[in-house]
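# Fold and contact review
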Amino acid sequence: MGRVTGSWLSGPQIGPATGVDNEYRGQDLGLPESGPGSLATGWPRVAALLVDWLIAGGLAMAFVGFPSPHLGTTQLGIWFVMGVFAVTLFGFTPGQLVIGMRVARVDFGVERNTAEATGEQSPAAVGIVRAFFRQLLMVFLVPALINDYNGRALHDRATGTALVRTR
């Protein structure tokens, strides 16, 4: 009975569109297996989010004060705006900078992604529209918790981006 329920409880597996099995995460995107340019793993992503959230919390307390009933909403708004503009202008949030990651566009194809990862080309700008929708999807948290076969969260997959390591 466990075998039957395991087949439908585990759900469909999202695999690469080419049908080829990858040897490592990000291979089908043209990214290296490890080092700069490789896909960031889960815990560094969480650490960067925590740093950004703490920065937004500190700024929110400076604006509305600690005992304010609007502290949480202000913190969310600051985090949202900080994320959109930092990713648009620099390609990373302050937390991602501290942890050593950046948001990269991966919708240009394998050749461009490989050239960016090896340093042959400068990284493509994410743009304000992608940054806005990426941050908007992160507000709901669920897309950030669901990962595909590469370990990319759904908000990254929906916006054609990936969080890659810088060091």
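Residues numbered from 1 in each chain as written. Predicted model: local features only at pLDDT ≥ 70, side-chain atom pairs only at ≥ 80, totals over all residues. Heavy atoms only, no water.

### Regarding the confidence of the model for the protein chain
- Scored by pLDDT, the protein chain has a mean of 85; 88% of the residues are at 70 or more.
- When pLDDT is averaged over each helix and strand of the protein chain, the minimum, 49, is found for helix H1 (residues 2-9) and the maximum, 96, for helix H4 (residues 94-99). (pLDDT = per-residue confidence, 0-100. Helix = DSSP H or I, 4+ residues; strand = E, 2+ residues; numbered from the N terminus.)

### Some remarks on the environment of Arg105
- The residue Arg105 is located in strand S1 (residues 101-105) in this model.
- Taking the C-alpha atoms as reference points, Arg105 and Val164, separated by 59 residues in sequence, lie 9.8 Å from one another.
- In contact with Arg105, other than residues within four places in its own chain, are Asn113, Glu116, Ala124, Ala125, Val126, Arg130, Gly160 and Thr161.
- A polar atom in the side chain of Arg105 sits 3.0 Å from the side chain of Asp107. (Contact = heavy atoms within 4.5 Å. Polar contact = N/O pair within 3.5 Å; in protein donor to acceptor, adjacent residues only side chain to side chain.)

### Overview of the pairing of strand S2 (residues 161-165)
- Within S2, four of the five residues are buried, which leaves it mostly tucked inside the rest of the structure.
- Here S1 runs beside S2; their pairing, made up of five bridges, is antiparallel. Across the sheet, Ala104 pairs through a bridge with Ala162, a residue of S2. (Buried < 20%, exposed > 50% of the residue type's maximum accessible area, 1.4 Å probe, protein only. Pairing = 2+ DSSP bridges.)

### Side note on the packing of helix H2 (residues 42-64) against helix H3 (residues 71-89)
- It is at 8 Å that the axes of H2 and H3 come closest, and there the two elements cross at 125 degrees. On the basis of their axis angle, the class for H2 and H3 is oblique. For the element pair H2 and H3, the recorded crossing hand is right-handed. Where H2 abuts H3, its residues Leu49, Asp52, Trp53, Ile55, Ala56, Gly57, Leu59, Ala60, Met61, Phe63 and Val64 lie against Leu71, Thr74, Gln75, Leu76, Ile78, Trp79 and Met82. (Axes fitted to C-alpha atoms, helices over the stretch in contact; angles between N-to-C directions. Parallel < 35°, antiparallel > 145°, perpendicular 65-115°, else oblique. Left-handed = near helix turned anticlockwise from the far one by under 90°.)

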